[in-house]
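Report on the structure
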Amino acid sequence: MTYEAYLGYDRAQLLEKLQAKVSSKRLAHMLAVEETSKRLARQYGVDSEKAGLAGLLHDYAKECPDQVFLDIIDREGLDQDLKNWGNNVWHGLLGGYVIAAELGVTDQEILTSIARHTVGAAGMSQLDKIVYVADYIEPTRNFPGVEVARLLADQSLESAVAYETAKTIAYLTQKGLPIYPETLATYNAYCPYLPTDAY
Ligand code: GDP
Ligand code: FE
Ligand code: FE
């Protein structure tokens, strides 16, 4: 299915909406995740249009004010504990509500992959893994370990998911930041796929 079939309008119109919503730096990252998601989708036999659209949209809600997410938690009757987290967790987990409302996306697989792009999940679909990994390895990313993550992504999505999650947890603990329980569940589910020589 084309972007237009998912959205009811074409990619050029979508880009106008994205430009109005996020900074040009953020949009450049989202476009890079779109490209990387499409490439991984072709490599792993996943629908590349679907992966591209999910990748392009994944950070749509990242610049929303906190109150937007706090209101969603109340309106949707979600666990009040979610309010103790912050934008880093909210823009992923709750981004789909904003994307569905403002862009008219209804495809559940796309919305789930966006919900899981930051903290992952124990049983991710191929599409979920692709968006999660593409977010980490897209070409403009430049941090220690990104080269290893790119090599692993060529070999197996599961090993790349495991490596990315291990690195994220190490980063969070070094900074003294709290780890969302789903992030630990992702690590526990995928750490068996970590090559022993990855570090
Ligand atoms: P980005 O939106 O493209 O920058 O990437 P992500 O959505 O993957 O991550 C956004 C931020 O959330 C990063 O700084 C991550 O380190 C952070 N993050 C990822 N998992 C967790 C978690 O479990 N807890 C907390 N507190 N932050 C997390
Ligand atoms: Fe994100
Ligand atoms: Fe991102």
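Higher on the page you've got the structure.
Below or above, wherever it landed, is the structure these notes cover. It should be emphasised that the depicted structure is a prediction, and the values quoted were computed from it without experimental measurement. (Residues numbered from 1 in each chain as written. Chains lettered and ligands numbered in written order. Predicted model: local features only at pLDDT ≥ 70, side-chain atom pairs only at ≥ 80, totals over all residues. Heavy atoms only, no water.)

**Focus on the environment of glutamine 126**
As for its placement among the helices and strands, glutamine 126 is situated in helix α9 (residues 126-137). Looking at glutamine 126, the relative accessible area reads 30%, which means it is partly exposed. Taking the C-alpha atoms as reference, glutamine 126 lies 9.2 Å from serine 113; in sequence the two are 13 residues apart. Residues in contact with glutamine 126, not counting those within four places in the same chain, are Tyr44, Val46, Leu157 and Glu158. Among the polar contacts listed, one links the side chain of glutamine 126 to the side chain of lysine 129, at a separation of 2.8 Å. (Helix = DSSP H or I, 4+ residues; strand = E, 2+ residues; numbered from the N terminus. Buried < 20%, exposed > 50% of the residue type's maximum accessible area, 1.4 Å probe, protein only. Contact = heavy atoms within 4.5 Å. Polar contact = N/O pair within 3.5 Å; in protein donor to acceptor, adjacent residues only side chain to side chain.)

**Description of the coordination of the iron ion (ligand 2)**
Taken together, the protein donors to the iron ion (ligand 2) comprise Asp59 (OD), His91 (NE2) and His117 (NE2), at separations of 2.1 to 2.2 Å. Taken as an interatomic distance, the gap from the iron ion (ligand 2) to the iron ion (ligand 3) is 3.6 Å; aspartate 59 donates to each of them. A residue pair is termed long-range when its members are at least 10 positions apart, and aspartate 59 in the loop between α4 (48-57) and α5 (66-75) and histidine 91 in helix α6 (residues 87-93) qualify at 32 residues. The exposure class assigned to histidine 91 is buried, which follows from its relative accessible area of 3%. (Donors = N, O, S within 2.8 Å, 3.2 Å for Na, K, Ca; no water.)

**Here we look at the coordination of the iron ion (ligand 3)**
Coordination of the iron ion (ligand 3) by the protein comes from His29 (NE2), His58 (NE2), Asp59 (OD) and Asp135 (OD), over a distance range of 2.1 to 2.2 Å. Binding-site remark: the iron ion (ligand 3) is held by donors from one chain whose sequence spacing is H-x28-H-D-x75-D.

**Points about the nonpolar core**
Counting residues in hydrophobic clusters, the biggest one holds 59 residues, and the most contacted among them are Leu14, Leu18, Leu57 and Leu103. No other element matches α9, which puts 8 residues into this core. Every residue in contact with leucine 103, bar those within four places of it in the chain, is listed here: Leu7, Tyr9, Leu14, Lys17, Leu18, Leu57, Tyr60 and Val98. (Core = buried A, V, L, I, M, F, W, Y, C linked by side-chain atoms within 4.5 Å.)

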